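If you want the building blocks of each chain, they are given just below.
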Amino acid sequence: MSRLLLLIAIAAVGYYLYRSLRRPKAPPPRQVHAEDAVRCAYCGVHLPASEAIRVGTHPYCSEAHRKLAGAAQQRDDAD
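Let me begin by describing the structure that accompanies this report. Every value quoted in this text rests on a predicted model; they were computed, and no experiment measured them. (Residues numbered from 1 in each chain as written. Predicted model: local features only at pLDDT ≥ 70, side-chain atom pairs only at ≥ 80, totals over all residues. Heavy atoms only, no water.)

Description of the state of the cysteines
For clarity, the threshold we go by: Any cysteine sulfur atom paired with another within 2.5 Å is treated as part of a disulfide. Three labels apply to residues, based on accessible area from a 1.4 Å probe with only protein chains included: buried if under 20% of the type maximum, exposed if over 50%, partly exposed otherwise in between.
Evaluation of the coordinates by the stated rule reveals 0 disulfides. With no disulfide of its own, Cys-40 lies closest to Cys-61 among cysteine sulfurs, the gap being 3.7 Å. Overall, the relative accessible area of 27% leaves Cys-61 in the partly exposed class.

Following this line, the structure appears as structure tokens:
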């Protein structure tokens, strides 16, 4: 009886080792490329630098905000 229990224990350990060796390894973590964020000079929203529309040193989130900022600056210059 004790030999049977020993045989079952050896088989269980062997099966566990076999399964752990066959288990696929975890894939390496993906490298995430972080990008700098800039703030829209008109509305203040933050967006990736690659998506910003730049006029000089001023980044804008859209063409509409670039135009609105230009119109506001012209209006301020006229006053």
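Side note on the pattern of salt bridges
Here is the rule we go by: We count a salt bridge whenever a side-chain nitrogen from Lys or Arg sits within 4 Å of a carboxyl oxygen from Asp or Glu. Only DSSP runs of H or I reaching four residues or more are called helices, and only runs of E reaching two or more are called strands; each is numbered from the N terminus.
Going through the model one piece at a time under the given rule, you end up with 1 salt bridge. For Arg-66, the salt bridge is made with Glu-63, and the minimal N-O distance between the two is 2.4 Å. Of this pair, Arg-66 and Glu-63 both sit in helix H2 (residues 63-78), 3 residues apart, roughly one helical turn. Taking the relative accessible area as the measure of exposure, Glu-63 reaches 34% and is therefore partly exposed.

A few points about helix H1 (residues 2-22)
Inclusion rule: In this analysis, the expected span of each helix is defined as 1.5 Å times one less than the number of residues it contains.
With 21 residues, H1 extends 30 Å between its outermost C-alpha atoms, agreeing within 8% with the 30 Å of an ideal straight helix rising 1.5 Å per residue. The element H1 is barely covered by neighbouring structure, given that only 0 of its 21 residues are classed as buried.

Quick word on the side chain of His-65
Selection rule: For this analysis, residues touch if any pair of their heavy atoms sits within 4.5 Å.
Relative to the elements of secondary structure, His-65 occurs in helix H2. Look at His-65 and you get buried, because its relative accessible area is 18%. Ignoring sequence-local partners within four residues, the contact set of His-65 consists of Cys-40, Tyr-42, Cys-43 and Tyr-60.

Side note on the environment of Pro-59
Within the element layout of this structure, Pro-59 appears in strand E4 (residues 58-60). Considering only alpha carbons, one finds Pro-59 and Gln-31, 28 residues apart in sequence, at a separation of 27 Å. Discounting residues that sit within four places of it in the chain, Pro-59 has contacts with Val-38, Arg-39, Cys-40, Ala-41, Ala-52, Ile-53 and Arg-54.

Some details on the environment of Tyr-60
Looking at the element boundaries, Tyr-60 is found in strand E4. Sequence separation between Tyr-60 and Arg-39 is 21 residues; the distance between their C-alpha atoms is 7.4 Å. Residues contacting Tyr-60, with those up to four places away along its chain left out, are Cys-40, Ala-41, Tyr-42, Leu-47, Ala-52, Ile-53, Val-55, His-65, Arg-66 and Ala-69.

Details of a nonpolar patch on the surface
The test is simple: Residues enter patches when their relative accessible area tops 30% and they take part in no salt bridge; the joining distance is 9 Å for like charges and 5 Å for the nonpolar side chains Val, Leu, Ile, Met, Phe, Trp and Tyr. All accessible areas in this document rest on Shrake-Rupley with a 1.4 Å probe, and a residue is counted as covered only by the protein chains that are shown.
Side chains of Met-1, Leu-4, Leu-5, Leu-7 and Ile-8 sit close together on the surface and give an oily, nonpolar patch of about 590 Å² of accessible area. Here Leu-5 shows up in helix H1.

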